[in-house]
Each structure stands twice: as C-alpha cells, then as structure tokens.
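Each chain, letter by letter, is given below.
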Amino acid sequence: MLRRVASASVLGATNPQPILRNVCAVVVKRYNATIAATQVLTEEWDNAKPFEDIPGPKPLPVIGNLWRFLPYIGEMDMEFTDQQEYLHKTYGDIVKLTGMPGRNDMVMIFDPNQIEKVYRNEGPWPNRNAMHSSEYYRSVTRKDFFEGIRGAVVSQGPEWQQFRSKVNPPMMQPRSAKLYVGPIDAVAQDFINRIRILRDEKQEMPDDFNNELYKWALESIVYIALDTRLGCLNDNLQPDSEPQKMIEAVQITFDCLYKLDLKLSPWKYISTPAWRRFVKASDYFLEVSMKYIDQATERLKSLPPDSDRELTVLEKLLARDDNPKTAIVMAMDMIGAGIDTTSYATAVALYFLAKNPDKQQKLFEEIHRYLPDKNQPVTSEILNDMKYLRACVKESMRIRPIAIGNIRMMQKDIVLSNYRVPKGVDVVSPNFYLCQQEKYFSQADKFIPERWLKSDDGEQPETKMTHPFVYMPFGFGVRMCLGRRFAELELETMVTKAIRNFHVEYNYGDMKFQSKLLYTPISPLKFKFVDRAE
C-alpha cells in the first residue's frame, strides 16, 4: 500500500496507470529505435568493402611504408600540406596508410560528408591520439607533479571527460571571455604603442617582429589566466628575462613535439637529443609557470571579500575543484598553447589585409564607425557588431589555418566511403587541403571575407562555404579547442586596434609558410605600419 501511494505521489496523480503506459511506450519506442539503428549499422558493415581494400600506398615486408618518408628515396618526403595533395590525387577520397612503425593504422578522408560522420559518431569520449611525448612527460617523467591530472590535451576517456567538465564553464562560456575585453584592449594598446617605437626609417618592423607578437600573446594570455601583467612589452625587457625564456621554451617544446610525434623518431626506445631538449624546456616552463601561478593564488587570497567583484578564470577553476592541480594544469596549458597560436593567427590576418588593400579599407571603415577616436577602447558590444572584422579573421584562417587537419582514433567500428574502418584506427581530416579546393570554396585562392556574410536579402554570395565540415579551425564537438573564446578575443581586438591606427603594408612578395606542429609563416614579418590621419 505504501509503495502504491509513493508511486502515485511521485507521478503526480492518484491514478498512475495512464502515465505508466506513456512511460512504457516511450521506453519501448527508444528500445525499438536502438534495435533498428543497430540493425542498420550491422547491415552497413556487412555490405561494406573490407578495410584491406581501402586505396593507399602498399607497405613492404619488414619496413612497411617507412621508406616512403625518407629523404631522397621516398616520394612522401615533403611538407604535410603537399602530402595531403599527393595522397588525394593519387588514391582518391579515402586513403589508407599502414605499416608505420610505432603508429596506428591511419585513414585520411577527403569527403566532408564522411568527416561529419566521424564526428557524429565519436561518442562521449573522443580520442585524439596525438601527443605521445607530452603524455609520457606528464604520466611518467613528471608524474609526481601532475598526480594523474594531465590536462585536456593528452588525457583520454573518463579522465578527459572529468577534466573538461570542470574547466568547460569558465573557459567556454562567451560571458567569461567578455569579462576580459578591457584588459585585453589595454594590452593591445600597449602593443600599438610599441609598434611605433619599433618602426625603422621605412616605418617597417624588424626581422624579429614575430618575437614581439609572442610577447604580446604571452602578456595577454597570462592576464587572462592569472589576472596579472608580466611586463613583456616593456622597452627594457632583457633577452634573458623569464618571460623571454618562457617564450623560447615554448618554441623548443613545439619544435620537439614535431620531431618526436610527427616525424619518425626512436624516442620511445632510446633517449634522443630531441627528447632531452623537450624535457629540459618543459621543466623550465613548468617551473616558471608555477612561480607565477603561486604568486597569483596568494594575491587572490589576500583580496578582501567583494560580492561585486567578478571571479578571475583562475579563481573559477579553483572554486570548481577541491584539488588545485586542475586549475594549475589548465592555467599552464592556457599559457603554453596561447603564445604561438594566437600570434601566428594575428600575423596571418594582418598579412592578408596588407595584401588586399581594398578589403583593409572596407574593414577600416567599419572599425571607424564604432571607434571614431583611435584611442577609444574596444568593448564586447563593438566586437559583437563588427561582422566584417569576424569575416576577415575567418577568411584568413581558411586560407592559412594554424592547424592543417584534425585526428580522431575510432572508438567503434565505422563505415566510411563504403569501406570498413575498425575500432582503433586513426582517422585524419585534411581541412587545410579541403579549404583550398574550388569544389568547396569558389575562388578558393582569393581573400574574400564577403563569402562569410549574408547580404541584405539574407543570401550569401556565390563564394560561400558549401559544407560546414570543411572549415573547422577550432575542431568540432565536445573536444573543440578549449581556448577558442579567448583566442578570438585577443585576435579580433589586436586586428581592430592595428587597422584603426595604421595602414598596414607587406612589400616582400608572398609570405612563405611551413607545416610542422603548426602551420606557420617563416618569412620575416616586416610589416609596414603607416599612421592613419583620422
């Protein structure tokens, strides 16, 4: 009797039978749908061609496909971007690459519909099987420091999901980034002032201007992560200063990650020079980062209680987990990942605006409407309203993205392009290559920000993107880039301030790029910054 009364109370009715029937109907419907979906997948798998039949370079006995990547004798000893083009033109829309020592079997897919299928089936724990050296460093070499909390980049499965669930709200909510518009504008203004100091008699930047961009990016991300200024943009910053050595440590780390994880390396079996350099640079970065994190933590503790004060990113991270290691690892990853990526993306955006003065003028006119005074601070409302600004940034990231592709290790069997791809295979989406194809972007080699805008009648021009899974500079789904909001804020603010203050030129031909861990400009960033009269 008591159970019957309790059930009626929970269900909110004295006669629960109709509601129970509805609940049962829903359960049966979902069960039937699951059975139907399973049957469809089973039939698709049974009817698909075997994994072994996927086109691709055939491995030789013992040495596999290793020889194809060796200098002089291998046809794939080339830039990653050129490898993508070669594989597509040689083998088609799906390519299998096996027989690589120490690597999973790999499949590269050039059909955005199949790329979408991969992401739609990645499950709750997407596996990005990539930075093994960084994972080893945090799991083994410095396990006493990380204590099992390895961060969002290298962790997988439930460990990854647990970490993301704690850091997502302060990192991914648009409101979190908006709180830092003022501080990031202040750092950007300091950089504008520094540009005026750095200019030579031709009003051009020095050959090492990329290092100045690194300093701006480091100053910005530390302000966001730790609510403090390092002084990276001070005129008297010494070459052996901690901020400069942090920048160099990140450069070394990225270079070594490329050599250890993307090139062929025996580091898993013997201690190579690249591995030793990686550990030394990582140790230095960890040591100095912890110094600044400890200082920020103590400073925050000493602040008087203030209900009106918005919590910093570090405070929000500390508040969401009793173990401070989560906040520490996230802050370190923000700083480490936020230097090269943001500075390169900014340089690329300025380059395309410099090479397309008509687009630069159109952007200036938009910025001028919102900032009639060049010294006026940027606000979140202004950034939200400047649609052409966002279109310019998106277009520059389409033509020269920082990441040339994405990777997922399949968590279950899947059929791609009518071939069976079993669980455990790495699937690569070559988004850089696809973004250059006329099939997906008309006039793909041209910088046309308008392709991202709708006209007054709601229509997009013929140059519009034709498939959403071609352009994915920040990834997709639950494993999307954690720092996206802050990266966009820094990039859009700096471009706004630069174009509002200067007419930007680049008079040294086409900028050259190189694909390593990131796809980066290697030409000197000798921009010419001419003051605007308005």
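Things to note about the pairing of strand S6 (residues 426-429)
Burial along S6 is two-sided: the residues Asp426 and Val428 and Val427 and Ser429 are all buried. With 3 bridges connecting them, strand S2 (residues 106-109) and S6 associate as parallel partners. Within S6, the residue paired with Met106 across the bridge is Asp426. Pairing geometry for strand S3 (residues 406-409) and S6, over 4 bridges, is antiparallel. If you follow Ile407 over to S6, its bridge partner there is Val428.

Section: the packing of aromatic side chains
Counted under the stated rule, the structure contains 29 aromatic pairs. With centroids separated by 5.6 Å and ring planes inclined at 85 degrees, the aromatic side chains of Phe110 and Tyr433 adopt a geometry described as edge-to-face. Note that Phe110 is positioned in the loop between S2 and helix H4 (112-120) and Tyr433 in helix H19 (residues 431-435), a separation of 323 residues in sequence. Classification of Phe110 by relative accessible area gives buried; the value is 1%. Taking the relative accessible area as the measure of exposure, Tyr433 reaches 7% and is therefore buried. Ring geometry for Trp267 versus Trp275: centroids 5.1 Å apart, planes at 15 degrees, classification stacked. Of the residues examined, Trp275 reaches a relative accessible area of 10% and is grouped as buried. An aromatic cluster is present here, built from Phe191, Phe209, Trp216, Tyr351, Phe352, Phe447, Phe502, Tyr506, Tyr508, Phe527 and Phe529 joined pairwise through their rings. Directly above the aromatic system of Phe441 lies the positively charged group of Arg398, at a separation of 4.9 Å from the ring centroid.

Structural notes on the environment of Asp426
Inspection of the secondary structure puts Asp426 in strand S6. Sequence separation of Asp426 and Ile404 is 22 residues, and the distance between their C-alpha atoms is 16 Å. Look past the residues within four positions of Asp426 in its chain and what remains in contact with it is Asn104, Asp105, Met106, Val107, Asn129, Ile407, Arg408 and Met409.

Concerning the pattern of salt bridges
Tallied over the entire structure, the rule returns 30 salt bridges. One salt bridge connects Asp190 with Arg229, and the closest N-O pair in it is separated by 2.7 Å. Here Asp190, found in helix H9 (residues 181-198), pairs with Arg229, found in the loop between helix H10 (209-226) and helix H11 (242-262); they are 39 residues apart in sequence, far enough to count as distant. The exposure class of Arg229 is partly exposed, given its relative accessible area of 33%. Note that Glu212 and Arg194 form a salt bridge whose closest N and O atoms lie 2.7 Å from each other. Highlighted residues: Glu212 in helix H10 and Arg194 in helix H9, separated in sequence by 18 residues. One continuous salt-bridge network, built from bridges that share partners, spans Arg194, Glu212, Lys215 and Asp235.

Some thoughts on the confidence of the model for the protein chain
For the protein chain, mean pLDDT is 89; residues scoring 70 or higher make up 90% of the total. Ignoring residues within four places in sequence, the model shows residues 1-14, a span with pLDDT below 50, making 6 contacts including any to other chains.

Considerations on the sheet that holds S6
The strand order across the open sheet formed by 4 strands is S1-S2-S6-S3, and the pairing between neighbours is mixed. Single-partner strands in this sheet number two, and they are strand S1 (94-97) and S3. On average, adjacent strands in this sheet sit at an angle of 20 degrees to one another, irrespective of strand direction.

Focus on the layout of surface pockets
Here the second largest pocket defines a volume of roughly 770 Å³. Arg390, Arg484, Arg485, Glu488 and Glu492 are the residues nearest the centre of the second largest pocket, which is lined by 32 residues in total. The residue makeup of the lining of the second largest pocket, split by class, is 20 nonpolar, 3 polar and 9 charged.

Digging into the packing of helix H18 (residues 387-399) against helix H20 (residues 484-501)
Contact geometry for H18 and H20: axes closest at 10 Å, N-to-C directions at 110 degrees. Between H18 and H20, the crossing angle belongs to the class labelled roughly perpendicular. Crossing of H18 against H20: the hand is right-handed. On H20, the residues touching Leu389, Arg390, Val393 and Met397 of H18 are Leu491, Glu492, Val495 and Thr496. When grouped by side-chain class, the residues that make up the contact of H18 with H20 number 5 nonpolar, 1 polar and 2 charged.

What counts and how
- Residues numbered from 1 in each chain as written.
- Predicted model: local features only at pLDDT ≥ 70, side-chain atom pairs only at ≥ 80, totals over all residues.
- Heavy atoms only, no water.
- Buried < 20%, exposed > 50% of the residue type's maximum accessible area, 1.4 Å probe, protein only.
- Helix = DSSP H or I, 4+ residues; strand = E, 2+ residues; numbered from the N terminus.
- Pairing = 2+ DSSP bridges.
- Phe/Tyr/Trp six-rings, centres within 6.5 Å; stacked < 30°, edge-to-face > 60°.
- Lys NZ or Arg CZ within 6 Å of the ring centre and 35° of its normal.
- Contact = heavy atoms within 4.5 Å.
- Salt bridge = Lys/Arg side-chain N within 4 Å of Asp/Glu carboxyl O.
- pLDDT = per-residue confidence, 0-100.
- Axes fitted to C-alpha atoms, helices over the stretch in contact; angles between N-to-C directions.
- 1 Å grid on protein atoms, 1.4 Å probe; cavity = no way out; pocket = protein on both sides within 12 Å on 5 of 7 lines; lining within 4 Å.
- Points joined across faces, edges and corners; volume = space filled by probe spheres on them.
- Nonpolar A, V, L, I, M, F, W, Y, C, P; charged D, E, K, R; others polar.
- Parallel < 35°, antiparallel > 145°, perpendicular 65-115°, else oblique.
- Left-handed = near helix turned anticlockwise from the far one by under 90°.

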